[in-house]
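# Remarks on the overall topology
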Amino acid sequence: MSNETKTKFEEIKNLSDKYLLNTYNRYPVAFGYGVGEMIFDQDNKGYIDFLAGIAVSNLGHGEADLIEAMRNQMDKILHSSNLYYSEEQAKLAEVIIENSIPGKVFLCNSGTEANEAAFKLMRRHGVKKNIDKPVILALHSSFHGRTLSAMTMTGNESVRSGFGELASDVYFVEANNEDSLIQAFDQYGESIAGIIMELIIGEGGVVPLTQSFVNLARKLTEETDSLLIFDEIQTGMGRTGKMFCFEHYGMYPDAFTLAKALGSGFPIGALVVAKEYESVLERGMHGSTFGGNHLACVAAYETFKIILSRNLLDHVSTISEQMFARLKTMMESTGKIKQVRGRGLHIGVELYSESRPVVEECLKRGLVVNSTAGNVIRIIPPLILSIEKATEGLDILESVLKDMK
């Protein structure tokens with residue numbers, strides 16, 4: 001790092017430390033720009049991006065068609081409000097529904113807002129069933145956001161603790177534990193308004209839900225007329241080799257949430273509600289000032305167009321197969337890997353030791369990966385990742401693991 005650049009980075013760091021709330025444990029780098037599956041720091045050092053802004057930049061960096069579409073919209077109008085109709089909203093809602101489930105869409109700004117809307121949908125469904133205290137079920141180790149209701153549904157105690165009493169009547173089930181699921185439905189029965197689950201638990205260590213567990217959840221919710229809601233905030237928009245992860249399970253949810261890669265980096269979220277339940281939230285019951293503004297909707301619509309027109313879903317499946325094969329050979333070559341799991345380009349590499357030191361060393365060597373659940377390396381690269389960059393990135397990871405004591 002040159003003295004001039006070091007001064008620039010130190011200035012960024014000092015300004016951040018002085019003026020930003022200290023709510024993040026940041027790594028010592030500031031990125032300035034990206035190209036494709038590469039991201040560059042203030043010294044123009046390139047890094048292979050195996051993080052995609054935490055499953056956000058699915059189209060990589062600097063996607064020309066996306067930039068052109070957003071630039072054209074910026075010349076027209078950014079915001080008018082939900083007091084009026086919007087062509088961009090209507091076109092986005094259509095493409096979401098045409099590629100997912102029959103129903104309708106509520107647009108917002110983020111994943112946590114989408115899950116807040118899902119919380120209200122479940123609560124309202126329970127109230128309409130005349131349930132005195134509607135119960136919501138969620139999974140241990142899950143993550144659904146940091147606003148009050150989303151945090152209440154999050155099964156990670158470190159996220160929930162320190163804020164006093166949270167929303168009431170939310171209870172947790174062990175992921176992939178069918179006895180735990182049955183017990184919860186036996187205990188709360190007709191009081192259950194819904195259950196929300198990530199089909200791949202992300203922050204909790206990249207743990208895919210089993211087919212039988214999800215099948216059982218579907219069966220129990222149908223028997224109790226409660227809602228089955230999937231959090232597709234990380235797994236949606238092609239991340240697993242399907243547009244939405246629930247397609248792998250051969251079933252429709254009653255609702256699902258989207259954000260992160262929906263806008264390819266521009267903030268937007270969505271709650272998608274199946275036709276049977278589209279009237280649960282009535283006029284005036286929910287809203288969002290910025291939700292579905294013109295520019296956000298153009299970004300999301302163009303993201304759909306690019307994914308669908310370029311065979312990116314097939315590409316994800318091909319690259320995924322090659323990466324999983326390589327990672328499994330690394331289990332033997334390094335002796336540091338306990339398990340490799342996930343689906344598509346949502347990959348978890350569980351280590352026998354803590355993962356953050358590995359992430360820090362990878363960063364020094366030009367690879368951006370993520371540490372989660374204490375001992376898991378999370379690999380969530382852009383969907384456009386080439387086999388060359390995939391191999392190069394895994395070479396770096398393997399060298400770091402071999403060198404770690």
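Residues numbered from 1 in each chain as written. Predicted model: local features only at pLDDT ≥ 70, side-chain atom pairs only at ≥ 80, totals over all residues. Heavy atoms only, no water.

Below, the discussion takes up the domain arrangement of the chain. The domains assigned to the chain are domain 1 (8–62 + 311–403) and domain 2 (77–310). Measuring from the centre of the C-alpha atoms in domain 1 to the corresponding centre in domain 2 gives 26 Å. With 26 residues of domain 1 at the contact, the number on the domain 2 side is 30 residues. Linking domain 1 with domain 2 are one salt bridge, by the criterion used here. Across the pair Glu-203 and Arg-378 runs a salt bridge, and its minimum N-O distance is 3.1 Å. Taken together, domain 1 and domain 2 are joined by 12 residue pairs in polar contact (both at pLDDT 80 or more). Among the secondary structure elements, those contributing two or more residues to the side of domain 1 that touches domain 2 are α2 (52–55), α11 (312–334), β13 (337–343), β14 (346–351) and β17 (376–379). With four residues, the single largest contributor to the side of domain 1 that touches domain 2 is α11. Classifying every residue of the side of domain 1 that touches domain 2 by side-chain character gives 15 nonpolar, eight polar and three charged. (Domains from an automatic or database assignment. Contact = heavy atoms within 4.5 Å. Salt bridge = Lys/Arg side-chain N within 4 Å of Asp/Glu carboxyl O. Polar contact = N/O pair within 3.5 Å; in protein donor to acceptor, adjacent residues only side chain to side chain. Helix = DSSP H or I, 4+ residues; strand = E, 2+ residues; numbered from the N terminus. Nonpolar A, V, L, I, M, F, W, Y, C, P; charged D, E, K, R; others polar.)

Here we take up the nonpolar core. Generally speaking, nonpolar side chains in soluble globular proteins are found buried as a group. The biggest cluster of nonpolar side chains holds 57 residues, and the ones touching the most others in it are Leu-92, Leu-181, Met-197, Leu-209, Phe-230 and Phe-304. Top element by residues in this core is helix α10 (residues 294–309). It accounts for eight residues. Looking at this core, you find at least three residues from each of domain 1 (8–62 + 311–403) and domain 2 (77–310). The contact partners of Leu-209, leaving out residues within four places of it in the chain, are Leu-139, Ala-175, Asn-176, Met-197, Glu-198, Leu-199, Ile-201, Val-214 and Tyr-249. Counting 31 residues, the second largest nonpolar core, distinct from the first, contains Phe-40, Ile-337, Val-369 and Ile-396. (Core = buried A, V, L, I, M, F, W, Y, C linked by side-chain atoms within 4.5 Å. Buried < 20%, exposed > 50% of the residue type's maximum accessible area, 1.4 Å probe, protein only.)

Moving on, we come to the sheet that holds β14. Taken in spatial order, the four strands line up as β13-β14-β17-β16 in an open sheet, and their pairing is antiparallel. The open sheet has two free edges, formed respectively by β13 and β16 (370–372), since each of these has just one partner strand. Across this sheet, the average inter-strand angle for adjacent strands is 25°, counted without regard to direction. On the sheet, α11 packs against β13, β14 and β17 and is oriented at approximately 170° with respect to β13. (Pairing = 2+ DSSP bridges. Axes fitted to C-alpha atoms, helices over the stretch in contact; angles between N-to-C directions.)

In this section: the packing of aromatic side chains. Applying the stated rule across the entire model yields seven aromatic pairs. Here the aromatic rings of Tyr-33 and Phe-40 are separated by 4.8 Å at their centres, their planes lie at 10°, and the arrangement is stacked. Classification of Tyr-33 as partly exposed rests on a relative accessible area of 40%. Residue Phe-40 is classed as buried on the basis of its relative accessible area of 16%. Measuring from centroid to centroid gives 4.4 Å for Tyr-171 and Tyr-188, while their planes differ by 15°, and the two rings are stacked. Placement of Tyr-171 in strand β6 (residues 170–173) and of Tyr-188 in helix α8 (residues 178–188) is noted, with a sequence separation of 17 residues between them. One aromatic cluster in this structure is built from Phe-244, Phe-246, Tyr-252 and Phe-256. When the ring centre of Tyr-27 is taken as reference, the NZ or CZ atom of Arg-356 above it lies at 4.1 Å. (Phe/Tyr/Trp six-rings, centres within 6.5 Å; stacked < 30°, edge-to-face > 60°. Lys NZ or Arg CZ within 6 Å of the ring centre and 35° of its normal.)

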